[in-house]
Amino acid sequence: MNTPRIDRLDFLDAASHFSEEDRAIQDSVARWVDARVLPVIRGCFEQHRFPRELVGEIASLGLLGASLEGYGCAGLGPVASGLLCQELERGDSALRSFVSVQGSLCMYPIHTYGSEEQKQRWLPAMARGETIGCFGLTEPHGGSDPANLHTTARRDGGDWLVSGSKMWITNGSIADIAVVWAQTDEGIRGFVLERGMAGFDATEIDNKFSLRASNTGALFFDNVRVPQANVLPGALGLKAPLSCLTQARYGICWGVIGAAQACLAELIDYTATRELFGRPLAQNQAIQLRLAEASRRITAAQLMALQLARLKEAGRMTPAQVSMVKWNNCRAALDVARDCRDMLGGAGISAEYAPIRHMLNLESVITYEGTETIHQLAVGRELTGLAAF
Ligand SMILES: Cc1cc2nc3c(=O)[nH]c(=O)nc-3n(C[C@H](O)[C@H](O)[C@H](O)COP(=O)(O)OP(=O)(O)OC[C@H]3O[C@@H](n4cnc5c(N)ncnc54)[C@H](O)[C@@H]3O)c2cc1C
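Here we summarise the structure given alongside this text. These figures come from a predicted structure and were not determined experimentally. (Residues numbered from 1 in each chain as written. Predicted model: local features only at pLDDT ≥ 70, side-chain atom pairs only at ≥ 80, totals over all residues. Heavy atoms only, no water.)

1. With respect to the packing of helix H3 (residues 78-91) against helix H4 (residues 93-113)
Contact pair H3 / H4: the axes reach a minimum separation of 6 Å and the direction vectors enclose 145 degrees. Here the hand of the crossing between H3 and H4 comes out right-handed. Contacts from Leu84, Cys85, Leu88 and Glu89 of H3 reach H4 at Ser93, Leu95, Arg96 and Val99. Among the residues making up the contact of H3 with H4, the classes are represented as 5 nonpolar, 1 polar and 2 charged. (Axes fitted to C-alpha atoms, helices over the stretch in contact; angles between N-to-C directions. Helix = DSSP H or I, 4+ residues; strand = E, 2+ residues; numbered from the N terminus. Left-handed = near helix turned anticlockwise from the far one by under 90°. Contact = heavy atoms within 4.5 Å. Nonpolar A, V, L, I, M, F, W, Y, C, P; charged D, E, K, R; others polar.)

Here's what the structure looks like:
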């Protein structure tokens, strides 16, 4: 067999565009995932358990709020922050989800829309992993239409009273603080609710068949009294939560590449060693076509993520561009994972191999932070100037 002259997981050498610092960060996260995540993640998935014991190590690696400046955050550029998502998700989408929610959906709004006092109060502790956050936008009646929030906040003296509920909230039942988006007389505003506030309850959603190593919760607010000091002063209107989602979706665009790479890597090894009809499975045209197809999808996803990073670096990245890449890359990763699962035959339904775990996880990833359809419609709106949703 010829020795491959190229990196089988980076066919067009996207890595040639990474800086030394980007590669160093990628390598350190990759080594940590190999040593600390891969040995335990299958068990976590089977036990429906978030590996909370890894949070301190994730924080020590500088991965929480990694793209933010100051307050104990690493201040990484777009490529490095994308690559850390990719390596985490090579381990499991649950870990990338945890980091995305903590950094992009909870620390980012405090960093962007919070007062100096709020930043000092929460961000350093969140960067150290001592305070865990969640982001409450989606409600039980429908997440695709976030303008129609039923959760309300009304002024009561110097405080606010928050009532309503949130559904499908990552980190929901383990979070110390929740950035909750509610309808007010002034428009949508962001509130930082703290665990233990009277009337604030959170329960875990169990029986999930996807992201089983992630904590997902439902939040309930029964006239929760929230002091003015916990209102994000700079956030007014739906634009504020949507701006957080743009950041988190950017991480997804890179993250899912890691899940797809994990599947392809496993299948390249598996098809080389499994013998059927007197030859390695990999020596069948139909199998090579499918491996080549997976490689093509991964390569296209890498180049789209890289171009998005360039746009982000230049301050020109738009939400519609993120929609296109989130749609493309999630679809690519899910298709790769499904096909890899199939090429494993019966073994493909066993947790012994990674593709079915990634495949099931990616069903969530293609759904959350805007479903595939909603992102297609966002691109359609950009092309036509007409909103069809
Ligand atoms: C594991 C997991 C973790 C999550 N974490 C969070 C979190 O941390 N914070 C948070 O706020 N939310 C979170 N979500 C919620 C997620 O963002 C929503 O599930 C998603 O936005 C879809 O909303 P929905 O589930 O209410 O589906 P719906 O909005 O009810 O959509 C149902 C279906 O209708 C389609 N649809 C909707 N509108 C249209 C239209 N106009 N035209 C055509 N089709 C349409 C959708 O594409 C979808 O297929 C999470 C979800 C999951 C599964």
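2. Quick notes on the pattern of salt bridges
Scanning all chains against the criterion turns up 24 salt bridges. Across the pair Glu53 and Arg49 runs a salt bridge, and its minimum N-O distance is 3.0 Å. Residue Arg49 is classed as partly exposed on the basis of its relative accessible area, which comes to 32%. Two residues, Arg296 and Glu293, come together in a salt bridge whose shortest N-O distance is 2.6 Å. Here Glu293 and Arg296 lie together in helix H7 (residues 285-313), a separation of 3 residues that amounts to about one turn. With relative accessibility at 49%, the residue Arg296 sits in the partly exposed group. By sharing partners, the salt bridges in this structure join Glu293, Arg296, Arg297, Arg331, Asp335 and Glu372 into a single network. (Salt bridge = Lys/Arg side-chain N within 4 Å of Asp/Glu carboxyl O. Buried < 20%, exposed > 50% of the residue type's maximum accessible area, 1.4 Å probe, protein only.)

3. Focus: the site of the ligand
For the ligand, the set of nearby residues contains 19 residues, the closest of which are Thr138, Gly143, Ser144, Trp168 and Thr371. Between a nitrogen atom of the ligand and a side-chain N or O atom of Thr138, the distance comes to 2.7 Å. Burial of the ligand by the protein chains amounts to 67% of its free accessible area of 980 Å². Among the detected pockets, the ligand sits in the largest pocket. For the shell around the ligand, the secondary-structure elements that each account for two or more residues are strand S3 (159-170) and helix H10 (372-384). For the shell around the ligand, the per-class residue count stands at 9 nonpolar, 9 polar and 1 charged. (Near = heavy atom within 4 Å. Polar contact = N/O pair within 3.5 Å; in protein donor to acceptor, adjacent residues only side chain to side chain. Areas by Shrake-Rupley, 256 points an atom, 1.4 Å probe, with all protein chains shown as cover. 1 Å grid on protein atoms, 1.4 Å probe; cavity = no way out; pocket = protein on both sides within 12 Å on 5 of 7 lines; lining within 4 Å. Sits in = over half its atoms within 2 Å of the grid points.)

4. Considerations on the layout of surface pockets
Estimates place the volume of the largest pocket at around 1300 Å³. Forming the boundary of the largest pocket are 47 residues, of which Gly143, Arg249, Tyr368, Glu369 and Gly370 lie nearest the centre. Counting residues per element, the lining of the largest pocket draws most heavily on helix H6 (residues 239-273), at 7 residues. Along the lines of polarity and charge, the residues of the lining of the largest pocket split into 22 nonpolar, 17 polar and 8 charged. (Points joined across faces, edges and corners; volume = space filled by probe spheres on them.)

5. Examining the packing of aromatic side chains
Each aromatic ring pair is specified by the distance between its two centres and by the angle formed by the two planes. Counted according to the given criterion, the structure contains 6 aromatic pairs. Aromatic side chains Phe200 and Phe221 sit 5.7 Å apart centroid to centroid with 40 degrees between the ring planes, which places their arrangement in the tilted category. Taken together, the residues span a long stretch of sequence, with Phe200 in strand S6 (residues 200-204) and Phe221 in strand S7 (residues 216-227) at a distance of 21 residues. Per residue, the accessibility class of Phe200 equals that of Phe221, and both read buried. Ring centres of Tyr270 and Tyr353 lie 5.5 Å apart, and the angle between their planes is 80 degrees; this geometry places the pair in the edge-to-face category. Of this pair, Tyr270 sits in helix H6 while Tyr353 sits in the loop between helix H8 (319-343) and helix H9 (354-365), and the two are 83 residues apart along the sequence. Over the aromatic face of Tyr250 sits the side chain of Lys312, whose NZ or CZ is 5.0 Å from the ring centroid. (Phe/Tyr/Trp six-rings, centres within 6.5 Å; stacked < 30°, edge-to-face > 60°. Lys NZ or Arg CZ within 6 Å of the ring centre and 35° of its normal.)

6. Examining the environment of Ala229
Topologically, Ala229 is positioned in the loop between S7 and strand S8 (231-236). Residue Ala229 is classed as partly exposed on the basis of its relative accessible area of 40%. For the pair formed by Ala229 and Asp342, sequence separation is 113 residues and the distance between their alpha carbons is 53 Å.

7. Overview of a nonpolar patch on the surface
A contiguous nonpolar surface patch, about 360 Å² in accessible area, is contributed by Ile6, Phe11, Leu12 and Leu303. Along the polypeptide, Leu12 turns up in the segment before helix H1 (20-47). Overall, Leu12 belongs to the exposed group, its relative accessible area being 54%. (Patch = residues over 30% accessible without salt bridge, like charges linked within 9 Å, V, L, I, M, F, W, Y side chains within 5 Å.)

8. A few points about unusual backbone geometry
Non-glycine residue Tyr71 carries a positive phi angle of around 55 degrees. Its place among the elements puts Tyr71 in the loop between helix H2 (55-60) and H3. Relative accessible area serves as the criterion here: at 21%, Tyr71 is assigned to the partly exposed category. Despite not being glycine, Asn207 has its phi angle at roughly 65 degrees, a positive value. Position of Asn207 among the secondary structure elements: in the loop between S6 and S7. Residue classification places Asn207 among the exposed positions, given a relative accessible area of 64%.

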